[in-house]
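# Architecture at a glance
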Amino acid sequence: TNKALSMAVSEDIDQSASLEEMITKIAIDLIRHCAERPYGVMLFMREAATVTPGTNTVIGPMVGKTLQNLFDAVEAQTPSRKTSRKIDPVLIFSMLMGVISFYFTGFPNIMGKKLPYDPLDPERLKELEDSLVGIIKHMMNTG
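Here the structure is a predicted model, which means the values were calculated and not measured.

### Some remarks on the side chain of Thr-105
Structurally, the position occupied by Thr-105 is in helix H6 (residues 89-111). For Thr-105, a relative accessible area of 7% gives the class buried. Polar contacts involving the side chain of Thr-105 include one to the main-chain carbonyl oxygen of Ser-101, which spans 2.7 Å. For Thr-105, the contacting residues outside a window of four places in its chain are Pro-38, Val-41, Met-42 and Met-45.

### Some remarks on helix H2 (residues 19-36)
Between the first and last C-alpha of H2 there are 26 Å, a value that for 18 residues agrees with the 26 Å anticipated at 1.5 Å per step. In terms of burial, H2 is a largely internal element, 13 of the 18 residues being buried.

### Quick word on the side chain of Glu-129
Counting through the fold element by element, Glu-129 comes out in helix H7 (residues 122-139). Excluding anything up to four places from it in sequence, Glu-129 contacts Ile-28, Ile-31 and Arg-32.

### Let's talk about the pattern of salt bridges
Across all of its chains, the model carries 5 salt bridges by this definition. For the salt bridge of Arg-32 with Glu-129, the shortest nitrogen-to-oxygen distance reads 3.2 Å. Taken as a pair, Arg-32 in helix H2 and Glu-129 in helix H7 lie far apart in primary sequence, 97 residues in all. In this structure Arg-32 comes out as partly exposed when scored by relative accessible area, which is 47%. Between Arg-124 and Glu-127 there is a salt bridge; the shortest N-O distance is 3.7 Å. You can see Arg-124 and its partner Glu-127 sitting in helix H7, 3 residues apart, about one turn around the helix.

What counts as what
- Residues numbered from 1 in each chain as written.
- Predicted model: local features only at pLDDT ≥ 70, side-chain atom pairs only at ≥ 80, totals over all residues.
- Heavy atoms only, no water.
- Helix = DSSP H or I, 4+ residues; strand = E, 2+ residues; numbered from the N terminus.
- Buried < 20%, exposed > 50% of the residue type's maximum accessible area, 1.4 Å probe, protein only.
- Polar contact = N/O pair within 3.5 Å; in protein donor to acceptor, adjacent residues only side chain to side chain.
- Contact = heavy atoms within 4.5 Å.
- Expected span 1.5 Å × (residues − 1).
- Salt bridge = Lys/Arg side-chain N within 4 Å of Asp/Glu carboxyl O.

And the structure:
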């Protein structure tokens, strides 16, 4: 459920961890949440793209809470632990959701039966996690 994801992301906000570690944990939680609910990702993206009158009540609370958690994580960093560049939580969340949702729904829908991979294969999920960790390191100027 959205509540389960929001709670998992809330738990990832650990002020003793670096911002990179927190964002990495959030990314992995998003991947695992979506792997357990691949149709939920499709519904989420459909709602986000169509902007119906119910969009804010359907996905707004989850996105809002997750974004607030990211803003809190960025704000919680002490000056000595901040990165050399400004970190934008909206951009981070957009990048994570874009990569993850396209992996689970966009590409499979475009490719159909010609899809060259099983999005739920554990090895592929591990590759997705590793790739996002690399992207996060790059965004944080640490890798």
